[in-house]
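Chain residues, written in single-letter form:
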Amino acid sequence: MLQGKKILLGVCGSIAAYKSAVLIRLLIKEGAEVRVIMTSSAFAFISPLTLSTLSKNPVLSEFTKGDSGEWNNHVEAGLWADLMLVAPASANSIAKFASGICDNFLTATYLSARCPVFIAPAMDLDMYAHPTTQNNLKKLQSYGNAIIDSEYGELASGLTGTGRMAEPESILKKVKEFFNGQGSLKGHKVMVTAGPTYEALDPVRFISNHSTGKMGYEIAECLASAGAEVFLVSGPTSITVKHPSIHLIKVKSAADMYKAASEYFDQSSIAILAAAVADYTPKVVADKKIKKNDAEFSIELVKTVDIARELGKRKKEGQILVGFALETDNELENARKKLESKNLDFIVLNSLKDPGAGFAVDTNKITIIEKNNKIREFELKSKKEVASDIVKVIENYVHG
């Protein structure tokens, strides 16, 4: 599938460098030609001989070759490649790429490359989460580079969190999708709702919930990576969109979300309702800040529109509608009721009883219930991996 494609693989100093050997084998098995550039710090983690043997090409590291002083041309290396892939990419190299620092063969080649660049970060969780690293990654994205996000799991430090380099199989999938120019959902328009809604009490206060939007945004990214054009209807959140095929529609209230979701639902073949929409909203919204005068204060609430139910009524033949259920008791029973009453194709159930699942965390534990009462239980995973599991089920619906 990658027959004849030229891939330049950059390997930085990280324990994840051992995965580079597996990645090279996978790329070559698909027919790609691979050349490797290593930073000097990468030598401590994997042998250049190993990567040279696997890639069937000399490993590049320095501007000159040994005692002969023969010149290694970084410009030629950058022009040779159809794709430059840096995996693992350390925090140090990412910072250099973002700042234009050119002090080794890899950074010089990066600055000379005219081909697309994919970067797969690998580092400890606090390094990955640090604002400097995140800002550098955003800067690289703004330059047109693609970031293959780090994954959640056990790290070399012994800690558990996000920072692991994506598995070689996942990176290979991204590379193949890039060269194919299409994914399994190319040609499909998908509407995704995400985040909370804010229901105003007055110009200052509102009613909301603890949703951060992480799950919905990960689903949107995964759908876009699979080739879909995504309309992401999002309540207030601090998360940013990464993929260029995602159209972000920002809303605040449940009424705003219903209006936007209704508009994009009709033009979508798939809709995933991952938002935590308020069930009730104040009957009257004060036009001025409510003063703290009385010992007690009551608010009359009215029901908001049930977006899933309304869209379920309008669902056309062939449209796929997916809902979410966050439950605290009688989980399966309540989820089945929602599945039937809202005309969903399947529902994603998560319970607040499961440690590590729910709002404001990077992980989730889901159960998928389908119309035919088929139930699939999944272990606790990162929300990115959960999104991939959900999209795989959708792909099965689309392709039979």
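Below, the structure is looked at part by part. (Residues numbered from 1 in each chain as written. Predicted model: local features only at pLDDT ≥ 70, side-chain atom pairs only at ≥ 80, totals over all residues. Heavy atoms only, no water.)

Quick word on the packing of helix α1 (residues 18-29) against helix α8 (residues 168-180)
Line of reasoning, step 1. As a packed pair, α1 and α8 sit with axes 9 Å apart at the nearest point and diverge in direction by 40°. In terms of orientation, α1 and α8 fall into the oblique class. Taken as a pair, α1 and α8 cross one another with a handedness that is right-handed. Taken together, the residues of α8 that come into contact with α1 (itself represented by K19, V22, L23, L26 and L27) are P168, E169, I171, L172 and V175. (Axes fitted to C-alpha atoms, helices over the stretch in contact; angles between N-to-C directions. Helix = DSSP H or I, 4+ residues; strand = E, 2+ residues; numbered from the N terminus. Parallel < 35°, antiparallel > 145°, perpendicular 65-115°, else oblique. Left-handed = near helix turned anticlockwise from the far one by under 90°. Contact = heavy atoms within 4.5 Å.)

Things to note about the packing of aromatic side chains
Line of reasoning, step 1. Under the definition given, this model contains six aromatic pairs.
Line of reasoning, step 2. The interplanar angle of 65° and the centroid separation of 4.9 Å between the aromatic rings of F178 and F179 together place this pair among those described as edge-to-face.
Line of reasoning, step 3. Taking the relative accessible area as the measure of exposure, F179 reaches 19% and is therefore buried.
Line of reasoning, step 4. Between F346 and Y397, the ring centres sit 5.5 Å apart and the planes meet at 40°, which makes this aromatic pair tilted. Here F346 is found in strand β19 (residues 346-351), whereas its partner Y397 is found in helix α13 (residues 383-399), with 51 residues between them in sequence.
Line of reasoning, step 5. Judged by relative accessible area, which is 0%, F346 ranks as buried.
Line of reasoning, step 6. What makes Y397 partly exposed here is its relative accessible area of 29%. (Phe/Tyr/Trp six-rings, centres within 6.5 Å; stacked < 30°, edge-to-face > 60°. Buried < 20%, exposed > 50% of the residue type's maximum accessible area, 1.4 Å probe, protein only.)

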